[in-house]
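# Results of the structural survey
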Amino acid sequence: MQGSTDTALSGRRNGLGATLARQPLIILALAVACLPLALFATVTMPIGPMYWDHYIYLDAANRIFDGQIPSVDFFAPVGGLGYYLFAGWLYLFPNGHPLLLSSWSLMTVTAPLMALVILDVQKRSTAIAYGLLLPFLFFSLLPFNTGEFYPYPGSDGFGIYNRQVCQLLYVLAAGLIFVCGWKTLATVTALAMLALLFIKVTGAVAGLLLCLMAFLAGRLPLRAALVGGAFFFATIGCLEAISGAVSAYAADILSLVVINDTSLLPRLLQAASINFGVVLACCLLCLVVFLNELPVFRETIRAFIAKPGFAAFGKIADYSFFWLAAFITAGLVFESQNTGSQAFIFLWPLLLAILVDSYRSKGQSTAFAVVAILALCAALPPVVTVAQKSARAWIGSINNRPLEHSNLKSMGAVGIRDILSQRAERLQQSYVVNRPAYDALAEAGELPSFLLYSDFDFQALWLQNADEVVSAIRTFGNGQQGTVRDDHDDRFHQSLSLADGSPCAEIYRHRCRSLPRGAAAGSTRQRGCSCRRPGPLPDMPADHCAAEASQPLPAGACPRPSSHHADPLLRCFCPQRDCHSALSFSAASAAGSPSTVRFHRESDARRKRYAH
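Residues numbered from 1 in each chain as written. Predicted model: local features only at pLDDT ≥ 70, side-chain atom pairs only at ≥ 80, totals over all residues. Heavy atoms only, no water.

### Let's talk about the overall build of the protein
A tally of regular secondary structure across the protein gives 24 helices and 7 strands. The buried share among the 612 residues of the protein stands at 56%. Sequence-distant contacts, at least 24 apart, represent 77% of the contacts inside the protein between residues at least 6 apart. (Helix = DSSP H or I, 4+ residues; strand = E, 2+ residues; numbered from the N terminus. Buried < 20%, exposed > 50% of the residue type's maximum accessible area, 1.4 Å probe, protein only. Contact = heavy atoms within 4.5 Å.)

And the structure:
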């Protein structure tokens with residue numbers, strides 16, 4: 001690893017093409033400049049498993065536009081940086097698809113940091129600069145996870161902040177391994193660690209392990225660590241003094257730790273099993289590199305014993321097998337807390353450095369061939385998986401038809417196959433006709449299907465129902481059917497949904513200007529109740545519950561969600577069961593058009609609001 005940055009200058013050629021080839025930054029700039037081409041108009045995305053998960057970004061963005069601060073005014077499952085970036089891109093590209101906006105908005109941070117890394121590396125080797133840049137662009141531009149969660153091809157609308165953490169770890173790893181200028185290294189390290197912290201705290205833990213390894217190995221100089229650390233903590237202090245967001249974020253993290261009833265070891269084993277191929281290849285590579293470097297490593301140990309010191313200790317730590325062990329540990333720690341991610345893509349900068357060092361020391365030998373094969377076995381699975389999933393999703397979308405809707409705007413820009421659309425219609429009829437059977441399943445704490453939330457037909461049906469509910473609320477708010485006014489109605493000033501990731505204010509925009517402060521964004525049984533601020537919602541008087549008649553509170557009814565999910569949320573947000581009359585919006589026909597929607601009040605014992 002000690003010679004990984006001492007790359008030789010490649011031979012120079014004249015001409016415009018050769019000049020452009022020596023400037024990887026131009027490729028990065030062109031890639032970023034082309035992103036708006038897919039955001040000025042709404043691209044229809046193929047629907048996918050757990051597709052509704054990215055709607056939480058719309059939920060959070062509307063809260064931010066309303067002046068709310070993540071963690072301070074509402075609980076969010078992760079840090080607020082991703083939501084602020086999404087809100088900014090949504091403001092610039094209001095017609096952009098929310099899945100693309102949420103995925104690509106991170107390049108506001110990663111692209112400049114990667115530019116700093118490339119600017120430093122290309123001074124010594126253009127080839128290595130391209131070797132770092134092209135994989136970064138590949139994983140940043142294709143919003144797909146490396147894990148398989150459903151057999152049918154579709155878009156990955158979940159695990160977005162996990163993918164973003166992996167992309168940040170990639171930039172951090174590239175800087176720690178290849179950047180030589182200490183000022184550039186301090187800048188990249190500090191900004192990447194700040195972004196990791198405020199995207200997802202487990203990402204910061206993984207990043208800290210990488211930084212600690214680089215510091216022990218002497219790749220992160222003390223002055224760079226001190227300057228970067230000072231900037232990191234100064235920024236945190238300023239944010240806390242201005243908004244109190246840091247302490248509120250820490251409180252939310254502690255709340256999540258408290259409700260997490262699974263120990264770390266089973267999760268680590270699960271992460272290793274899911275990524276078994278990559279982990280096994282890295283372990284074998286670690287063993288091979290250790291055997292290759294063993295004679296030199298022994299001499300380094302003897303030198304340290306003869307003359308101990310920090311520099312001598314750094315030479316001991318700066319061996320490839322130690323770097324590999326640290327990177328695998330960091331990856332497993334992060335992946336143990338994830339569902340959906342671009343797992344272990346940050347290994348590539350390290351694998352590239354190992355390949356360069358091995359080629360210099362072994363040349364075109366059998367030893368180098370073994371190292372190269374194992375390195376490719378560790379690097380290729382994420383690339384192949386993402387390429388295959390993206391190709392299947394877009395090639396398969398040829399047979400898709402756009403979902404019909406009237407109110408969902410860009411969030412409804414999805415395509416689904418006819419056979420799945422027909423299945424959704426038939427299932428909706430079954431949910432209504434056989435309601436007692438589905439209620440019995442819900443009371444038992446079960447869903448109709450173990451993979452219900454991954455089923456494409458369920459995701460499409462959820463969107464269609466949301467569209468009908470918006471039409472119903474608008475018609476009800478006007479006091480007459482078939483008429484929609486764009487002026488504001490005070491009865492629908494605020495809205496709160498019991499559906500996980502439901503962006504109420506986005507799809508009810510003409511009726512709901514804001515969301516109640518204190519309520520969790522993306523309410524689940526654990527997050528919605530255990531992590532919400534104690535007491536009545538701040539925007540509501542103490543003698544009223546959060547779901548009074550002027551506050552629409554849609555909850556899924558067809559099929560009913562598990563009682564383990566819905567009932568605790570209703571008890572949380574409606575502690576006084578008799579303080580409101582529940583509104584039931586139901587469709588008089590299968591089409592559920594606004595002209596056929598009827599409204600009635602019901603006062604059953606549960607006081608729930610259903611929309612189907």
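Moving on, there is more to tell.
### As for the sheet that holds strand 1 (residues 45–46)
Pairing is mixed in the open sheet, where 3 strands are placed in the order 1-3-2. Of all the strands in the sheet, just strand 1 and strand 2 (400–402) have a single pairing partner and so form its edges. Direction of pairing for strand 2 relative to strand 3 (residues 414–417): antiparallel, over a ladder of 3 bridges. When the bridges of strand 3 are listed, P402 appears paired with G415. Strands in contact with helix 19 (residues 418–433) are strand 2 and strand 3; relative to strand 3, the strand with the most contacts, it is inclined by about 90°. (Pairing = 2+ DSSP bridges. Axes fitted to C-alpha atoms, helices over the stretch in contact; angles between N-to-C directions.)

### Overview of the confidence of the model for the protein
Here the protein averages 81 in pLDDT, and 74% of its residues register 70 or above. By mean pLDDT, strand 7 (residues 610–611) is the weakest element of the protein at 32, and helix 6 (residues 107–121) is the strongest at 97. Low pLDDT (under 50) marks residues 534–555, which in the prediction has 70 contacts with non-local residues, meaning those over four places away or in another chain. Scored below 50 in pLDDT, residues 576–582 makes 26 contacts in the model with residues more than four places away or belonging to other chains. (pLDDT = per-residue confidence, 0-100.)

### With respect to the pattern of salt bridges
One pass over the full model with this rule turns up 8 salt bridges. Ionic pairing is found between R401 and D418, a salt bridge with its closest N-O pair at 3.3 Å. Of this pair, R401 sits in strand 2 while D418 sits in helix 19, and the two are 17 residues apart along the sequence. (Salt bridge = Lys/Arg side-chain N within 4 Å of Asp/Glu carboxyl O.)

### Here we look at the side chain of S341
Along the polypeptide, S341 turns up in the loop between helix 16 (320–335) and helix 17 (347–362). Separated by 2.9 Å, the side chains of S341 and E335 make a polar contact. In this view, S341 contacts N145, T146, G147, N162, R163, C166, F334 and E335; residues no more than four positions away in its chain are not counted. (Polar contact = N/O pair within 3.5 Å; in protein donor to acceptor, adjacent residues only side chain to side chain.)

### Here we look at the packing of aromatic side chains
Each aromatic ring pair is described using two quantities: the centre-to-centre distance and the angle formed by the ring planes. Within this structure, the stated rule accounts for 30 aromatic pairs. Note on Y152 and F456: the rings are 6.2 Å apart at their centroids and 90° apart in plane angle, and the pair reads as edge-to-face. Of this pair, Y152 sits in the loop between helix 7 (126–141) and helix 8 (160–178) while F456 sits in helix 21 (residues 456–478), placing them 304 residues apart in sequence. Classification of F456 by relative accessible area gives buried; the value is 4%. Note on Y431 and Y438: the rings are 4.9 Å apart at their centroids and 80° apart in plane angle, and the pair reads as edge-to-face. Both residues of the pair, Y431 and Y438, count as buried. Positioned above the aromatic ring of F74 is the side chain of R63, whose terminal nitrogen or guanidinium carbon lies 4.9 Å from the ring centre. (Phe/Tyr/Trp six-rings, centres within 6.5 Å; stacked < 30°, edge-to-face > 60°. Lys NZ or Arg CZ within 6 Å of the ring centre and 35° of its normal.)

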